[in-house]
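Next come the chains, spelled out residue by residue.
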Amino acid sequence: MALERTFSIIKPDATRRNLTGKINAKFEEAGLRIVAQKRIQMTMAQAGEFYSVHAERPFYGELCEFMVSEPVVVQVLEGENAITRNREIMGATNPADAAPGTIRAEFAESVGENSVHGSDAPETAAVEIAYFFSGLELVG
Ligand code: UDP
Ligand code: MG
């Protein structure tokens, strides 16, 4: 077991429906600790760079438009195996496939507007955290 940090976004469909508290309760109840957090209006440039791995996918433009459509909450979660644990708590990308009790099963509206982002590996977690937070903003 390893104490890890992972990057999380509460996406516009969830901020719009006032679900930030309910979503963060899921993380905290599962033992993940929020060690950095801010609500921001993402810019198109930030969204495009953040999701650049998907630049060739057909949904890329729509995804970027969605991510700037309302404010988001960017945050860092810390805990044992936080990267994998966060993905488990989030559930599958498509809410139709998400396990009962997961954030996406309970709150996501569609495969695109699916309430949360979570890093998928240690390398991406490190890059994504550093994209939005300075070291001084991580207070564990
Ligand atoms: N997405 C989409 N349509 C798809 C697949 C993904 O709109 O068919 C969006 C969705 O918001 C997803 C994001 O693109 O969360 C990133 O996709 P990824 O495959 O990395 O899913 P995740 O890691 O978020 O589960
Ligand atoms: Mg992903």
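Since this is a predicted model, take the numbers as computed values, not measurements. (Residues numbered from 1 in each chain as written. Chains lettered and ligands numbered in written order. Predicted model: local features only at pLDDT ≥ 70, side-chain atom pairs only at ≥ 80, totals over all residues. Heavy atoms only, no water.)

(A) Representation of the pairing of strand β1 (residues 3-10). Where β1 meets strand β3 (residues 72-80), eight bridges bridge the pair, whose relative direction is antiparallel. Directly across from S8, in β3, lies its bridge partner Q75. (Pairing = 2+ DSSP bridges. Helix = DSSP H or I, 4+ residues; strand = E, 2+ residues; numbered from the N terminus.)

(B) A look at the environment of M44. Mapped onto the secondary structure, M44 falls in helix α3 (residues 44-50). Using a relative accessible area of 39% as the deciding quantity, one classes M44 as partly exposed. (Buried < 20%, exposed > 50% of the residue type's maximum accessible area, 1.4 Å probe, protein only.)

(C) Spotlight on the site of ligand 1. Lining the immediate surroundings of ligand 1 are K11, Y51, H54, F59, L63, R87, T93, R104, V111, G112 and N114. A distance of 2.9 Å separates an oxygen atom of ligand 1 from a polar atom in the side chain of K11. Take R104: an N or O atom from its side chain is 3.0 Å from an oxygen atom of ligand 1. Contact with the protein chains hides 79% of the accessible area of ligand 1, taken as 500 Å² for the molecule alone. Of the residues belonging to the shell around ligand 1, the class tally is four nonpolar, four polar and three charged. (Near = heavy atom within 4 Å. Polar contact = N/O pair within 3.5 Å; in protein donor to acceptor, adjacent residues only side chain to side chain. Areas by Shrake-Rupley, 256 points an atom, 1.4 Å probe, with all protein chains shown as cover. Nonpolar A, V, L, I, M, F, W, Y, C, P; charged D, E, K, R; others polar.)

(D) Structural context of helix α7 (residues 122-132). Looking only at α7, the buried set comprises A125, E128, I129 and F132. Each buried residue of α7 sits inside an arc of 100 degrees when the element is viewed along its axis, so together they form one side. Every exposed residue of α7 that faces more than 90 degrees away from the buried side is listed here: E123, V127 and A130. Residues of α7 that are buried make contact with β1, β2 (33-40), α3, β3, α5 (82-90) and β4 (116-118). (Arc of directions from axis to C-beta. Contact = heavy atoms within 4.5 Å.)

(E) Focus on the packing of aromatic side chains. A complete count under the given rule lists five aromatic pairs for this structure. Arranged with centres 5.0 Å apart and planes meeting at 85 degrees, the rings of F50 and Y51 form a pair that is edge-to-face. For F50, a relative accessible area of 10% corresponds to the buried category. By relative accessible area, Y51 is classed as buried at 6%. Linked through ring pairs, F7, F50, Y51, Y131 and F132 together constitute an aromatic cluster. (Phe/Tyr/Trp six-rings, centres within 6.5 Å; stacked < 30°, edge-to-face > 60°.)

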